[in-house]
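A structural walkthrough
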Amino acid sequence: MRDSLSGQAGLLCELLTSAMEPKLDETEISLGTFELLTAIYGSGGRATQVEVARRLGITPPSLSEAVKSACARGLAEQQHDSNDGRRKILKLTAKGRKAMQSIVKGVNSAETKMVEGIDPEQIASAIEVLRRANRNLARFLQDSPTEGAGKTRN
């Protein structure tokens, strides 16, 4: 798989995760909690629990423990939706936003090193290819949920 897009994307993901580890350790946030906070942040800082679960590719019940832990640590808050009491809204707290900013700063630093010596045009092309590949894969997973393994990922 070394010569495939998915193989290279997987390797890049592993390397970026390794580069993030010092910031995760510094903020005392696990990779799973970081993914949860990222999903909330990526939804505009306020999202329903169902939306966050969908973004993470897991079921809402699987998300419950991670949400409880993040709320207990003061990284996120869970509120009932004022328009629909059955829905739960997740929001980042100031502490959660601060932790995210610190980790993102570390990721940005790693990205600067990662693209060193690469022509900006090639970087732009690579970003566009990955965007299209992400959209295609997301569409595939949405259209055929039974084929999209990994629905219980944490």
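Located above this text is the structure these notes cover.
Residues numbered from 1 in each chain as written. Predicted model: local features only at pLDDT ≥ 70, side-chain atom pairs only at ≥ 80, totals over all residues. Heavy atoms only, no water.

Within the protein chain one finds six helices and three strands. Listed by position from the N terminus, the elements making up the protein chain come as α-α-β-α-α-β-β-α-α. Taken along the three principal axes of its C-alpha coordinates, the protein chain extends 50 × 40 × 25 Å. Taking all 154 residues of the protein chain together, 25% fall into the buried category. Sequence-distant contacts, at least 24 apart, represent 50% of the contacts inside the protein chain between residues at least 6 apart. A total of about 10600 Å² of accessible surface is found on the protein chain, and carbon and sulfur atoms cover 53% of it. Of the side chains in the protein chain, 22 bear a positive and 19 a negative charge, and the two mean positions are spaced by 7 Å. (Helix = DSSP H or I, 4+ residues; strand = E, 2+ residues; numbered from the N terminus. Buried < 20%, exposed > 50% of the residue type's maximum accessible area, 1.4 Å probe, protein only. Contact = heavy atoms within 4.5 Å. Areas by Shrake-Rupley, 256 points an atom, 1.4 Å probe, with all protein chains shown as cover. Lys, Arg positive; Asp, Glu negative; His and termini not counted. Charge placed at Lys NZ, Arg CZ, Asp CG, Glu CD.)

This paragraph deals with the sheet that holds strand β3 (residues 88-92). An order of β1-β3-β2 is seen for the three strands of this open sheet, with the pairing classed as antiparallel. Only two strands of the sheet have a single partner each, and these edge strands are β1 (46-48) and β2 (76-80). When strand polarity is set aside, the average angle formed by the axes of neighbouring strands in this sheet is 25 degrees. Strands in contact with helix α2 (residues 31-42) are β1, β2 and β3; relative to β3, the strand with the most contacts, it is inclined by about 100 degrees. (Pairing = 2+ DSSP bridges. Axes fitted to C-alpha atoms, helices over the stretch in contact; angles between N-to-C directions.)

Among the surface-exposed residues, Leu5, Val129 and Leu130 lie close enough to one another that they form a single nonpolar patch of about 240 Å² accessible area. Of the residues examined, leucine 130 reaches a relative accessible area of 34% and is grouped as partly exposed. (Patch = residues over 30% accessible without salt bridge, like charges linked within 9 Å, V, L, I, M, F, W, Y side chains within 5 Å. Salt bridge = Lys/Arg side-chain N within 4 Å of Asp/Glu carboxyl O.)

Moving on: the nonpolar core. Core analysis: the biggest nonpolar cluster contains 23 residues, and Ile29, Phe34, Leu36, Ile40, Val52, Leu56 and Leu63 have the highest contact counts within it. Listing elements by their share of this core, those giving two or more residues are α1 (5-27), α2, α3 (49-56), α4 (60-72), β3 and α5 (94-114). Sorting elements by how many residues they give to this core places α2 first, with five residues. Apart from the residues within four sequence positions on either side, leucine 63 is in contact with Leu36, Gln49, Val52, Ala53, Leu56 and Ile58. (Core = buried A, V, L, I, M, F, W, Y, C linked by side-chain atoms within 4.5 Å.)

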